Structures are given as structure tokens and as C-alpha cells.
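# Working through the structure, step by step
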Amino acid sequence: MTLTVDEAHPEQVDPGASSIATPPGDAPPETRRDPLRELVARLRAHPETAITFLVVSACCLLVLRVLHPTLLLKDTTPSGGDMGAHVWGPAFLRDHLLPKWRLFGWTPDWYAGFPAFQFYMVIPALMIVALDVVLPYSVAFKLVSVLGLLTLPIAAWALGRLVRAPFPVPALLAVGTLPFMFDATWNIYGGNIASTLAGEYSFSIALSVCLVYFGMLIRALRDGKGHATTAALLALVMLCHLIVFFLALFGTAAIAAVWFRRSARGWLLPRRAAMFATAAALTAFWALPCFVMRGYTFDMGWVKLTSYLDQLFPAHFGWVIGLAAIAIVGGARRHDRLVATIGLMAAIDAFAFRYVNGRLWNARLLPLFYLCLHLLAAIGFWYACTTVVGLVRRSRASMSRGLVVPVAGFAVAAVFVGLPMNTLWFTGHNKAGHPTWFGLSAHLSGLASANWAGKGWVEWNYSGYEEKAAWPEYADTMDTMGQIGKEHGCGRALWEYDEKINDYGTTLAMMLLPYWTKGCIASMEGLYFESSATTPFHFLTASETTLKPSRPILGFQDQWRDLDLNLGIEHMQTLGVRYYMARSAEAITQAQARSELTEVGRAGPWVMFQLSGSDLVVGLDHTPYIEPGIANDGKTWTNAGLATWQLNGGARLFAAPSGPKTWPHIKTGDNVPFNKTPTAVVSNIKMDDTDKLSFDVDRVGSPVLVKISYFPNWTAHGADGPYRVTPNLMVVIPRSKHVTLTYDRTSPEWVGMVLTGLGVVGLVLLARRDRRREPAAQG
């Protein structure tokens, strides 16, 4: 039945109107919807919403402004810091892993091969690949790399909104993220603009997700709603960045302590347990193999920061600490659970920073503490405003309902947002060079200086490799190596480090050899140092083949050797290096004097040499020796490799944690035996794919060295093994004259995928339960 009268509002019906409905396209102009006018009307009817929208939008627009949107949309390959090498990762995921239905797997491109994304989170790279479907790859990479920065103000606002903080607190939380992001006093810990530009964009994305997770968790504990979303967000935090996941656990403990007691209901407890179990299951496909295989990583030996108070409370944080103290005192008086949550979160993080030991570098825990201080400072500013206004009016009720606090909140936001246009306001320093205004000048100098944002690191990164003055030389070098690969065969290249490489866009620019040559020429050096146990032996070799090496590994002071190709050539051969790229006059001179090196090309300052005796697979004239216990962890394995690696002529002696009974066994400290054996002749070596190797031998039963980094996923067909041998290579014992090695999935991977499938089911069930109407828990 068709009704022509609005029964609920008959007064809105025109008596003279036709009962025949007018098609939408033929509606009179005066009855058509004007979305813009409706939005303006709604904002005028709700001024608090309007102010919040303007403040949060202004924060995001400011960040976008300093990130140069025109450069972000320019189709040039991003450079600068680690970001200039991170370009390789998503492209490899797109071209090699995803076609095999893998999110992590083997790559031969760095460190004689390593498990790509096995120990480094894959979701940000996957986001780039997804965006690459509709945008050029470089533009997709740039946009995802700034995503965490652009969304952090929104995430902070969402936190305040989800916990039902009164106006204007959610907007001020968004404002509080600005001085945190623009603080340029650290550039590697993560979270701020400087760290993101250095390559920590995954950290920034995870931090934004983490703030929303905190808000959703509080909502779930308080109202009994949103368990599925909360579980998905927690899983997403881990899959974006593992360190931020640890920070999320600190926040979870704080939230549970502050919110759980009052909100607990018997019917909610199983669902909350299911929420965390679902989050764990969703990450299992990556987290379980990562945990099980962690012993095959390399320990960089980060030095723990021990100046605890100076690191937690830098001198330029004076005004932040002052406002945060006001928030803590005011929050205690007002029983503000948001302040209690953020304060407890900061305390837990500070405790962890003080007492954490081991592989986790405690400096990486500082960003959450700093962010908590800034969020507390934003709330402290609101408390200060309400106190001052309350003293003036002597009536908190009339004050809280008036426009004084909203205007004050908007005013401070305008000050923060307007700083780039008022660069003289907070830039003074005293004669000793220390920041004045309780550190405000130093803290906001990055934000106040348009020069830092406009002509510095941002422009350097996002103008791209192609816009650098040295681009012709760099492009010629990459083209030359690609042509060498076509003429002399694909293979690994070890290049001589030099600070002048930064002219290309970053000192890591040569790591992109496989990116520009479409996988033909691998670079021995790459990112993700800790993902490969081969890393230290590469850098030891690089030190012997470079005039001014980088030597980034800590604790190796007694191991480094200066440029000496008498040592370097043997080690390059052991690591299967096919090409040596010399740059300095000294290195070129030494290379030209060696019969093992043949010049095959030149480009700019580079001279390219092909190295003989570096076949990927060779027969051994001796068996490895077994030294039990050397593979218990990364440090013992590295030390076992160093025992023979640094011996002149000893690089061809290999220790193994296990192997055939015929191999000699020794105890740590015993003399290294040389157990001679007939040598197999290897031929027809083929690397059919990134994760498949085949070769032929003229005899069976003799050990064969495969110069590919060891990892448990490798499976030998037609041979026993592969056995892990120092420095981090493989040995197989052929049982047929044709041998194939493939990189297969392991049991932890299969179990992890099954658990993740169960996690998806759990997420669906949680979502269905969340949609049911049940009594809300009272907080």
C-alpha cells in the first residue's frame, strides 16, 4: 500500500502536491539536498563539534603541509636514510612472494639470502602493494610512509572520544601530538617525523593504530561493546610493528588496572578472554614462526641507555612536564580515569625502559613515554584553563557550560597550528645555547621552522632519487651492473662503502641493486640486519674490501680489519660474491693487482670486477667438524663462526652444530681438525627461482658447500642435509648426482596459518555477539 501522507509529520505535507512521486532527477531545485549547506547547518547547531572538527583537521593539514603533498604525489622513488632502501621490500613482496601465496619467504637479494619479512612486519608493505594497484609504486610507497603521521592526531582524538572525555579534551589530545611529532631531537626511536623519514614508517602506523586500540579496549571494558574491533586492532598493531606491540601490552595492563574492576560482569569475562585469544590467533601466521625461528637472527648488541632521568625527562621537556604534572594532580582530584590510564601507562613504560635487558633496545620504548607526556600536557592545559576561569567566575557550573573553555582550547590549538607562520615566537636561546621558555623553543623548533620541514629531510626524501644531481651517475651505475649481469651472469655484488654515496639519495642507495636490475644483481649489504645470521660476516668482509667502511655492528672493535684484498678476496669467495665494485683509488689499485679479479665495467667512480672462485656451489676437500651447542642462540653462533673466519686461510674450515656421524666431533676450545675427503665436481648450477637451487655432481657421498645463508625452511632433495655450517652457509651430502634445494614451509608456519584461520572464525563470532543487545557494563 502506498501512503501519500507522512503519518508522523502530516504538517510537512503540501496539500496541493501531487500524490504521484516525482523522480529524484526531476525534483525542483529548491528541494534538492545541499550537502555543504547541511554540514554548515549541523556545525552551527553543534559548535563544540565544529571546533573539534576544525582543530583536528588543522592538525592533520599542518602535518600534510610540511610533508609536501606535491612531492608525495610525484612519481619519483623515495630516498633518504633507511627509507631509500626500504623501497626494495614491498616490490619484492609484490613480484615474488605474493604470486606464491606467501607473505614472507626467501630472497637472494641481501646477505647471501635471508628470510624476507620473517622477522620484520609485513602489513605496511602489504598496504603499499594494495595501493600500488591504483597508483604508481613510488606514490603508493610515499603515501603509506606518511600514513602514521597524518593519522596520529585523529587517533589521539579517537582515544579521547572513545573514553567519552569532555570537550575540548579530544581535540586537545590531537593538538598534543604535534609537538611530539615535530620534536627533532631523536630520529631513530620511532614515532616522530624525523624517525619516520629515517625509515620507521611502520612504527608510526602502528602507533596510530595503538591509540585507537587503547580507546576501543576501554570502550569494551566499560560498555561491553566492540570486542571484535578491539581484537582486530591489537592484532594489527603487532603485524605493523613488534616494538609498538610491546607498548600496546603496557597500555593494556594500565587500562585493565584502571577500568576493569568497575566494569567486570560475569557474562563479559568469557568474551574478553576470547577477544585477546582471537587477537593472538590472528597474528599466529607470522608471530609463531617468528618466535620459533628467533634463534637464527643476529644480535646487533645494542648498548642500553643508562642515563635514565636525562632520557625520560629531556631538558627541553620542561613545559611538557609542568603541564603533565598539572594533569596528574588535577586528574587525581577529579578522579579522571583517562589521566590515570595515561599516567600509569607512562609509568609502566618508564619502568620497562629502566629495567629491560636483552635483545630489545630500551631506547625504542621512549616514544610511548614521550607521547604519554604530551597527551597529559594537553589535558593539563585544559585543567589549567578551567582552574583559572573558575577562579575568575567563582562558578564552575556556569564556566563549564560557557564558551570560555572552548575558546581557550581553540586558541591554544591555533597557536600550535600557527607556529610555522610565527617562527619568531619560540626560537630564543640564552647565551649558553640552552633553550629558554622552559624548553619550549627547542621542543617546538622543528615545528616553528618552516625551513626544517620545507628544505630539509622531507624534500630530500620525497623529491626522490631521480631529482638528485647525482642521478645520471647513479642510473648509469645501475644500468652498467644490469648489463654486466646479462653478459657475465647474474650474481651477488659487494660494493665499497663511501659517504659520498649519499649524493645519490642515501648512503644505502647501492642496496637497491636488485631493485633496479630486476633481481639479477644482488647486493651483499641490505637492511634488516638482525634478520640474517650472515650479517656480521658480510660487514667483516666489507671492512677488508673498503677504504672507509661503515662498521655498524657494536662490540666488534677487535674484529675489524682495514682494506686488504689479500683477506677480502678469500672471504668474498666463501660468501659467493660474484662482483666486486670498487670506488676508492686504493681499492681499485689493489683489485687491479689481483689475478682473481677481472675488470668488467666502469660507471662514474665505480670500477666493476668479476671474481673467480666464487661459484654458488662447490665440492669440499674436507668434512666440516661438529661442535655441539654452538647454535643455541645468535651470539654463540656468531662466536663460533669468528673462531675460524678471522684466521688467514681458515675461512674454508666449517663448524656445524650437528651432522653425519662420520664428521669429527670437538669440544669448544679444542684444535680445529682438517678431515680430508674426496672432492666432488659440481656442474650445471641453476638458481631457477628465488627459492629453488639445483646442481649436478660427479660423485655421491662427498660434502658439497652451498653458499646460501642457512635457514630451516631449506629442504634437500637427492641429498642429506642441508646442515648448517659457519659462518651461516649450508652443506649437503649428495645421494644422487642431481640435487635440488627448495625453500618450503615449516611446521610452525602451517600451525600458525591454522591458528590464524581459527582467529578469523573467532573474529566473526565476536562480531556477531557484539551486535546482540545485552546490558551494558557500568563504569
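Scope of this entry: the structure provided in the associated data block.

Conventions used here
Residues numbered from 1 in each chain as written. Predicted model: local features only at pLDDT ≥ 70, side-chain atom pairs only at ≥ 80, totals over all residues. Heavy atoms only, no water. Helix = DSSP H or I, 4+ residues; strand = E, 2+ residues; numbered from the N terminus. Buried < 20%, exposed > 50% of the residue type's maximum accessible area, 1.4 Å probe, protein only. Contact = heavy atoms within 4.5 Å. Areas by Shrake-Rupley, 256 points an atom, 1.4 Å probe, with all protein chains shown as cover. Pairing = 2+ DSSP bridges. Axes fitted to C-alpha atoms, helices over the stretch in contact; angles between N-to-C directions. Disulfide = S-S within 2.5 Å. Left-handed = near helix turned anticlockwise from the far one by under 90°. Salt bridge = Lys/Arg side-chain N within 4 Å of Asp/Glu carboxyl O. Parallel < 35°, antiparallel > 145°, perpendicular 65-115°, else oblique. Nonpolar A, V, L, I, M, F, W, Y, C, P; charged D, E, K, R; others polar. Phe/Tyr/Trp six-rings, centres within 6.5 Å; stacked < 30°, edge-to-face > 60°. Lys NZ or Arg CZ within 6 Å of the ring centre and 35° of its normal.

So, on to the overall build of the protein. Across its full length, the protein holds 30 helices and 19 strands. Relative to its 779 residues, the protein shows a buried fraction of 55%. The contacts in the protein between residues at least 6 apart in sequence include a share of 74% that link residues at least 24 apart. Summed over all atoms, the accessible surface of the protein reaches about 33,500 Å², with 59% contributed by carbon and sulfur.

It is worth spelling out the sheet that holds strand β3 (residues 491-495) at this point. One open sheet holds the 5 strands; their spatial order is β4-β3-β5-β7-β6, and the pairing between them is mixed. Two strands in the sheet have a free side with no partner beyond their single neighbour: β4 (521-523) and β6 (597-603). Averaged over neighbouring strand pairs, the angle between their axes works out to 30° when direction is ignored.

A cis amide bond links Phe167 with the next residue in sequence, Pro168, at an omega value of 5°. For the bond running from Thr726 to Pro727, omega is 0°, close enough to zero to count as cis. The backbone phi angle of Tyr111 is positive, close to 55°, even though this residue is not glycine. Relative to the helices and strands, Tyr111 resides in the loop between β1 (105-107) and β2 (114-116). Given the relative accessible area of 0%, Tyr111 is considered buried.

For the rest of this paragraph, the subject is the state of the cysteines. Applying the stated criterion across every chain yields a total of 1 disulfide. Left unpaired, Cys59 is separated from the closest cysteine sulfur, that of Cys60, by 6.7 Å. Free cysteine: Cys372, not disulfide-bonded; nearest cysteine sulfur from Cys210 at 9.2 Å.

What follows concerns the environment of Val356. By secondary structure assignment, the location of Val356 is in the loop between α17 (337-355) and α18 (366-393). Along the primary structure Val356 and Lys304 are separated by 52 residues, whereas in three dimensions their C-alpha atoms are 8.7 Å apart. Ignoring any residue separated from it by four or fewer positions in sequence, one finds Val356 in contact with Lys304, Asn362 and Leu365.

Quick look at the packing of helix α12 (residues 227-240) against helix α14 (residues 269-292) now. One way to put it is that α12 packs onto α14 with a least axis distance of 8 Å and a crossing angle of 30°. The hand of the α12/α14 crossing is right-handed. Across the interface between the two elements, His227, Thr230, Ala231, Ala232, Leu234, Ala235, Met238 and Leu239 from α12 touch Arg271, Arg272, Met275, Phe276, Thr278, Ala279, Leu282, Thr283, Phe285, Trp286 and Ala287 from α14.

In the structure shown here, the tally under the stated rule is 15 salt bridges. As a salt-bridge pair, Arg222 and Asp223 come within 2.8 Å of each other at their nearest N and O atoms. Exposure remark for Arg222: the relative accessible area of 6% places this residue in the buried category. For Asp223, a relative accessible area of 8% translates into the label buried. One salt bridge in this structure joins Arg735 and Asp720, with 2.7 Å as the shortest N-O distance. Here Arg735 is found in the loop between β18 (729-734) and β19 (738-743), whereas its partner Asp720 is found in strand β17 (residues 719-725), with 15 residues between them in sequence. Judged by its relative accessible area of 30%, Asp720 is partly exposed.

Running from N to C, helix α11 (residues 201-223) and α12 point in directions that differ by 155°, and their axes come no closer than 8 Å. On the basis of their axis angle, the class for α11 and α12 is roughly antiparallel. The interaxial crossing formed by α11 with α12 has left-handed handedness. The residues of α12 that touch α11, namely those facing Ser202, Ile205, Ala206, Val209, Cys210, Val212, Tyr213, Met216, Leu217 and Ala220, are His227, Thr229, Thr230, Leu233, Leu234, Leu236, Val237 and Cys240. The residue inventory of the contact of α11 with α12, partitioned by class, reads 14 nonpolar, 4 polar and no charged.

If you walk through the whole model with that rule in mind, you get 43 aromatic pairs. Arranged with centres 5.8 Å apart and planes meeting at 80°, the rings of Tyr189 and Trp361 form a pair that is edge-to-face. Here Tyr189 is found in the loop between α9 (169-182) and α10 (193-197), whereas its partner Trp361 is found in the loop between α17 and α18, with 172 residues between them in sequence. For the pair shown, Tyr189 and Trp361 are each scored as buried. A ring pair is formed by Phe313 and Phe369, whose centres lie 5.5 Å apart and whose planes are at 80°; its orientation type is edge-to-face. On the criterion of sequence distance, the pair formed by Phe313 in the loop between α15 (308-312) and α16 (318-334) and Phe369 in helix α18 is long-range, its members being 56 residues apart. Look at Phe313 and you get partly exposed, because its relative accessible area is 35%. Assessed through its relative accessible area of 5%, Phe369 is described here as buried. Ring-pair connections join several aromatic residues into one group, and the members of that group are Trp88, Phe92, Trp110, Tyr111, Phe114, Tyr120, Tyr528, Phe529 and Phe539. Looking at Arg354, its charged tip hangs above the ring of Tyr355, at a distance of 4.5 Å from the centre. Sitting over the ring of Trp460, Lys468 keeps its end group 4.6 Å from the ring centre.

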